[in-house]
Amino acid sequence: MYENWEELEEVCKNCNKCKLCEARKNVVIGEGNKNADIMLIGEGPGADEDEQGIPFVGKAGQLMNKALSGLGINREELYIANIVKCRPPQNRNPEKEEAEACKEYIKAQIKLVSPKVIVLLRECSTKEHIRGRIWNNIKQRKMVWKRRNKNFTNISSRSTIKRWKQENIFLERFEND
C-alpha cells in the first residue's frame with residue numbers, strides 16, 4: 001500500500017491499468033483537506049473534471065457545492081475523490097474492470113485521509129465499497145451505518161439532498177447512529 005501522498009499521486013498519474021487512460025487529459029486523483037473528517041467519494045470524473053484535473057467541478061460539483069453550503073460546510077474542509085481516476089467515455093458509469101483497476105488507489109486515499117465519515121455519492125461508488133449486510137442497509141434506506149470504525153452514508157439522488165435541507169438534520173444523522 002502507498003505510504004504517502006507523493007507516492008500515490010505519482011503512481012496514479014502514470015497508471016495504464018485500464019482502457020480509460022487512453023483518452024484522458026488529466027488524472028483526477030482528489031482534492032481537499034488530506035486530514036479531513038469527512039471524505040466524499042464519487043464514481044468518476046466528467047468532462048470538466050478531466051479538463052481541469054479536479055473532482056466535482058462540473059454540474060454535479062456545482063450542485064454538491066450548493067448542498068454543502070446549505071449545510072454550512074466549506075468544500076475545502078472535505079477530501080473529495082472518485083472511484084476511477086480517469087473519465088469514462090460519454091460520462092457513463094465506470095465498468096467493473098475499470099473500478100477494480102483503481103480500487104487500490106481509493107483504498108489508499110481512505111487510509112491516508114483516515115476520515116471519520118465517508119459519504120458515497122451515487123450507487124456505483126457505493127456498490128464498489130459496500131457489500132452484503134451494509135448494502136442491504138442502503139436498500140432499506142438506513143441513512144448512516146458503521147464499518148471498521150467509520151461512518152458511511154449514501155447520497156444517490158437529488159431527492160436525498162433535498163431531504164437534508166437543514167444542517168441539524170444532516171449532523172443528527174451522524175451523531176445519533
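Data block above holds the structure.
Residues numbered from 1 in each chain as written. Predicted model: local features only at pLDDT ≥ 70, side-chain atom pairs only at ≥ 80, totals over all residues. Heavy atoms only, no water.

> For this particular structure, what's the right way to read the packing of aromatic side chains?
Between two aromatic rings, the relevant description is the distance of the centres plus the angle of the planes. Overall, the coordinates contain 2 aromatic pairs when judged by the stated rule. When the ring of Y2 is compared with that of Y105, the centres are 6.2 Å apart and the planes differ by 45 degrees; the resulting orientation is tilted. One end of the pair, Y2, is in the segment before α1 (5–13); the other, Y105, is in helix α4 (residues 96–113), and 103 residues separate them in sequence. The same class applies to Y2 as to Y105, namely buried. Between W5 and Y79, the aromatic rings sit 5.3 Å apart at their centres with planes inclined by 45 degrees, giving tilted as the arrangement. Linking W5 in helix α1 with Y79 in strand β3 (residues 79–82), this pair joins segments that are 74 residues apart in sequence. For the pair W5 and Y79, a shared accessibility class is recorded, and that class is buried. (Phe/Tyr/Trp six-rings, centres within 6.5 Å; stacked < 30°, edge-to-face > 60°. Helix = DSSP H or I, 4+ residues; strand = E, 2+ residues; numbered from the N terminus. Buried < 20%, exposed > 50% of the residue type's maximum accessible area, 1.4 Å probe, protein only.)

> Hey, could you run me through the packing of α1 against α4 in this one?
The axes of two packed helices give the description: the angle between them and the distance between them. Closest axis-to-axis distance for the α1/α4 pair is 11 Å, and the angle between their directions is 160 degrees. Classified by the interaxial angle, the pair formed by α1 and α4 is roughly antiparallel. With respect to the hand of their crossing, α1 and α4 are arranged in left-handed fashion. Touching W5, L8, V11 and C12 of α1 are Y105, A108, Q109, L112 and V113, all from α4. Counted by class, the contact of α1 with α4 contains 8 nonpolar, 1 polar and no charged residues. (Axes fitted to C-alpha atoms, helices over the stretch in contact; angles between N-to-C directions. Parallel < 35°, antiparallel > 145°, perpendicular 65-115°, else oblique. Left-handed = near helix turned anticlockwise from the far one by under 90°. Contact = heavy atoms within 4.5 Å. Nonpolar A, V, L, I, M, F, W, Y, C, P; charged D, E, K, R; others polar.)

> Looking at this structure, I do not really get the side chain of N82. What am I missing?
Summarising the element assignment, N82 is placed in strand β3. The exposure class of N82 is buried, given its relative accessible area of 1%. Other than its neighbours up to four places away in sequence, N82 contacts V28, I41, G42, E43, G44, P45, P55, F56, I106 and Q109.

> Please explain the nonpolar core as it appears in this structure.
Generally speaking, nonpolar side chains in soluble globular proteins are found buried as a group. Formed by 28 residues in total, the largest nonpolar core has its most connected members in L8, M39, I41, Y79 and Y105. The set of elements that each furnish at least two residues to this core consists of α1, β2 (38–42), β3, α4 and β4 (117–121). With 9 residues, α4 is the single largest residue contributor to this core. Counting residues in hydrophobic clusters, the runner-up holds 12 residues, among them L40, F56, L68 and I80. (Core = buried A, V, L, I, M, F, W, Y, C linked by side-chain atoms within 4.5 Å.)

> Mind showing me how you'd approach unusual backbone geometry here?
Note: most residues except glycine have negative phi, and most peptide bonds are trans. Look at F56: it is not a glycine, yet its phi comes out positive at around 55 degrees. Tracing the chain through its elements places F56 in the loop between α2 (47–52) and α3 (59–70).

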